[in-house]
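# An overview of the molecular structure
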Amino acid sequence: MKKICETVGFLVFVQGVAGLLHEWIDWFSFFSLVPRLPFIRDYSLFVSIVLVVTGAAVMIASDSVKE
């Protein structure tokens, strides 16, 4: 369970970073899902920041999960 939480947190974190890179320098668009979703396209910067924070929180919280 701990590895699953770490993996999910890492993937969410990477999606947030990819969204920020796409938003700021219009790069790394092939991996980022945030700009491709039409219902959050207007809020892509905010959603990317939330994804980065959520991914980091899940990775940190996975340390408290017992194996």
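One can find the structure itself at the top, above this paragraph.
The notes below deal with the structure included here. (Residues numbered from 1 in each chain as written. Predicted model: local features only at pLDDT ≥ 70, side-chain atom pairs only at ≥ 80, totals over all residues. Heavy atoms only, no water.)

## Some remarks on the overall build of the protein chain
As a reminder of what qualifies: Only DSSP runs of H or I reaching four residues or more are called helices, and only runs of E reaching two or more are called strands; each is numbered from the N terminus. Relative accessibility under 20% of the residue-type maximum defines a buried residue, over 50% an exposed one, and the middle range a partly exposed one, all with a 1.4 Å probe and only protein chains included. Note on contacts: a residue pair qualifies if any of its non-hydrogen atoms lie within 4.5 Å across the two residues.
A count of helices and strands for the protein chain gives two helices and zero strands. Each of the three principal axes of the protein chain carries a C-alpha extent, and together these read 40 × 20 × 15 Å. The buried share of the protein chain, reckoned over its 67 residues, is 28%. Here the contacts in the protein chain between residues at least 6 apart in sequence split such that 56% fall between residues at least 24 apart.

## Here we look at helix α1 (residues 2-25)
The line we're drawing: The span expected for a helix works out to 1.5 Å for each residue beyond the first.
For α1, which comprises 24 residues, the first-to-last C-alpha distance of 34 Å matches the rise-based estimate of 34 Å (1.5 Å per residue) to within 8%. Listed in full, the buried residues belonging to α1 are Cys 5, Gly 9, Val 14, Gln 15, Gly 16, Ala 18, Gly 19, Leu 20 and His 22. Where α1 is buried, its residues contact α2 (44-61). Following α1 by one or two positions, Asp 26 has its phi on the positive side, about 50 degrees.

## Some details on the environment of Thr 54
Turning to its location among the elements, Thr 54 is positioned in helix α2. Its relative accessible area of 36% is what places Thr 54 among the partly exposed residues. Expressed as a C-alpha distance, the spacing of Thr 54 and Phe 13, which sit 41 residues apart in the sequence, is 7.2 Å.

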